[in-house]
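A closer look at the structure
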Amino acid sequence: MKVLVIGASRGIGFELVRQYLADGAQVSATARDDAGLDRLRDAGATALRLDVADATSASALAWQIDGEVFDVVLLSAGTFGPRSDGLDAPSVGDFDRVMHTNVLGAMRVLPQLAGALAPGARLAVLSSRMGSMGQRAAASGWLYRASKAALNSVLKDASIVLAGKAVCVALHPGWVRTDMGGAGADLDVADSAAGIRRTLAALQPADNGGFLNFDGTPIAW
Ligand SMILES: NC(=O)c1ccc[n+]([C@@H]2O[C@H](COP(=O)([O-])OP(=O)(O)OC[C@H]3O[C@@H](n4cnc5c(N)ncnc54)[C@H](OP(=O)(O)O)[C@@H]3O)[C@@H](O)[C@H]2O)c1
């Protein structure tokens with residue numbers, strides 16, 4: 001099995017790399033600085049440099065994976081941005097950083113993957129339940145919420161274009177104890193990654209274009 005994890009220097013992305021390697025998969029994974037690349041190499045992955053928020057860096061993914069085909073692709077790169085509680089207008093800088101990382105990054109990366117998918121591949125973007133409008137009951141972190149709702153739209157379009165080549169899903173990883181999720185989160189990163197891997201392995205063609213929790217249960221858009 002060949003796996004590509006984008007945004008894997010730490011957090012859920014790194015844990016996915018660790019678990020797939022432990023299972024005997026060949027893993028390529030991306031980081032945007034030397035420390036992250038070293039960490040991936042030390043773990044046994046093929047390390048690729050990629051900053052999804054940088055146009056030049058992002059456009060170089062295609063040649064870095066030229067000739068490769070992946071059975072599983074995960075886009076984990078993401079940022080939360082300002083911790084807001086209500087309707088606080090974000091600065092242009094914060095807006096651009098969050099939207100460029102979480103949305104534009106996916107729109108740059110996904111088109112480059114079309115030629116790198118093994119038959120029956122599974123492709124997931126790490127979205128968030130916070131992006132769900134159907135389940136929306138709070139407005140905290142509204143910039144992040146907007147970015148994940150937009151990412152869901154991007155995933156849906158990718159699922160239409162890539163139908164028949166890959167089963168594409170948006171996944172909520174749970175509320176996970178990482179730098180982003182914080183120490184008080186519900187889930188250990190190992191349990192989140194294990195659930196994501198199980199859910200991806202169980203995907204059927206009819207799941208294409210879905211929005212799923214890490215345990216495989218559907219989430220309202
Ligand atoms: N943790 C949670 O509770 C939770 C809940 C719902 C959804 N999610 C989503 O799950 C994904 C992973 O979250 P996490 O908890 O693992 O977050 P994390 O611990 O903050 O790690 C974020 C990862 O994204 C990478 N990244 C950020 N900006 C990037 C860029 N411009 N280009 C490439 N990589 C970039 C980081 O790389 P650097 O080390 O270089 O910064 C790091 O590897 C995110 O998309 C997040 O929104 C997380």
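Above: the structure in question.
The rules behind the values
- Residues numbered from 1 in each chain as written.
- Predicted model: local features only at pLDDT ≥ 70, side-chain atom pairs only at ≥ 80, totals over all residues.
- Heavy atoms only, no water.
- Helix = DSSP H or I, 4+ residues; strand = E, 2+ residues; numbered from the N terminus.
- Buried < 20%, exposed > 50% of the residue type's maximum accessible area, 1.4 Å probe, protein only.
- Contact = heavy atoms within 4.5 Å.
- Salt bridge = Lys/Arg side-chain N within 4 Å of Asp/Glu carboxyl O.
- Axes fitted to C-alpha atoms, helices over the stretch in contact; angles between N-to-C directions.
- Parallel < 35°, antiparallel > 145°, perpendicular 65-115°, else oblique.
- Left-handed = near helix turned anticlockwise from the far one by under 90°.
- Near = heavy atom within 4 Å.
- Polar contact = N/O pair within 3.5 Å; in protein donor to acceptor, adjacent residues only side chain to side chain.
- 1 Å grid on protein atoms, 1.4 Å probe; cavity = no way out; pocket = protein on both sides within 12 Å on 5 of 7 lines; lining within 4 Å.
- Sits in = over half its atoms within 2 Å of the grid points.
- Nonpolar A, V, L, I, M, F, W, Y, C, P; charged D, E, K, R; others polar.
- Pairing = 2+ DSSP bridges.
- Right-handed = clockwise from strand over helix to strand, strands pointing away.
- Core = buried A, V, L, I, M, F, W, Y, C linked by side-chain atoms within 4.5 Å.

Below, the discussion takes up the environment of Phe 80. With respect to the secondary-structure elements, Phe 80 resides in the loop between β4 (70–75) and α5 (92–113). A residue is classified by how much of its surface remains accessible, and Phe 80, at 11% relative accessible area, is buried. With 73 residues separating them in the primary sequence, Phe 80 and Ser 153 have C-alpha atoms 18 Å apart. Leaving out residues up to four positions away in the same chain, Phe 80 has contacts with Val 98, Met 130, Gly 141, Tyr 144 and Met 180.

Let us now look at the pattern of salt bridges. Following the criterion strictly, the structure yields 7 salt bridges and no others. Among the ionic pairs, Lys 2 bridges to Glu 68, the shortest N-O distance being 3.3 Å. Here the residue Lys 2 occupies a position in strand β1 (residues 2–6), and Glu 68 occupies one in the loop between α4 (61–64) and β4, the gap between them amounting to 66 residues. By relative accessible area, Glu 68 is classed as partly exposed at 29%. Notably, a salt bridge pairs Arg 97 with Asp 94, separated by 3.6 Å at the nearest N-O pair. Linking Arg 97 with Asp 94, this pair stays in helix α5, spanning 3 residues, or about one helical turn.

This brings us to the packing of helix α1 (residues 11–22) against helix α2 (residues 34–43). To describe two helices that pack against each other, one gives the angle between their axes and the distance between the axes. Where α1 contacts α2, the two axes come as close as 10 Å, and the packing angle between them is 15°. As the angle between them shows, α1 and α2 are arranged roughly parallel. Handedness of the crossing formed by α1 with α2: right-handed. In this structure, α1 contributes Phe 14, Val 17 and Leu 21 to the contact, and α2 contributes Arg 39, Leu 40 and Ala 43.

Before going further, it helps to spend a moment on the site of the ligand. Neighbouring the ligand are 28 residues, the closest being Ser 9, Arg 10, Arg 32, Tyr 144 and Thr 178. Taking Ile 12, its main chain carries an N or O atom lying 2.8 Å from an oxygen atom of the ligand. The cavity that encloses the ligand is the largest pocket. Those elements giving two or more residues to the shell around the ligand turn out to be α1 and α6 (142–161). The class makeup of the residues in the shell around the ligand is 11 nonpolar, 12 polar and 5 charged.

The buried fraction of β4 amounts to 5 of the 6 residues, a majority that puts the element mostly inside the structure. Alignment of β1 against β4, held across 4 bridges, turns out to be parallel. Note on β4: the bridge partner recorded for Leu 4 is Val 73. Inspection of the sheet shows β4 paired to strand β5 (residues 117–126) by 5 bridges, in the parallel sense. Across the sheet, the residue bridging to Val 73 is Leu 123, located in β5. Regarding topology, α5 serves as the crossover connection from β4 to the parallel β5, and that connection is right-handed.

Pairing is parallel across the open sheet formed by 7 strands, whose spatial order is β3-β2-β1-β4-β5-β6-β7. The sheet terminates laterally at β3 (46–49) and β7 (210–213), the two strands that pair on one side only. In this sheet, adjacent strand axes meet at a mean angle of 20° when their direction is disregarded. With respect to the sheet, α1 is in contact with β1, β2 (26–31), β4 and β5, its orientation differing from that of β2 by roughly 165°. Each of β2 and β3 touches α2; the most contacted strand, β3, lies at about 165° to it.

Turning our eyes to something else, we now look at the nonpolar core. Core analysis: the biggest nonpolar cluster contains 35 residues, and Ile 6, Leu 113 and Leu 123 have the highest contact counts within it. Put simply, the parts of the chain that give this core at least two residues each are β1, β4, α5, β5, α6 and β6 (166–172). Considering each element in turn, this core owes the most residues, 7 residues, to α5. If you look at the next biggest cluster of nonpolar residues, it comprises 33 residues, including Leu 21, Val 167, Leu 212 and Phe 214.

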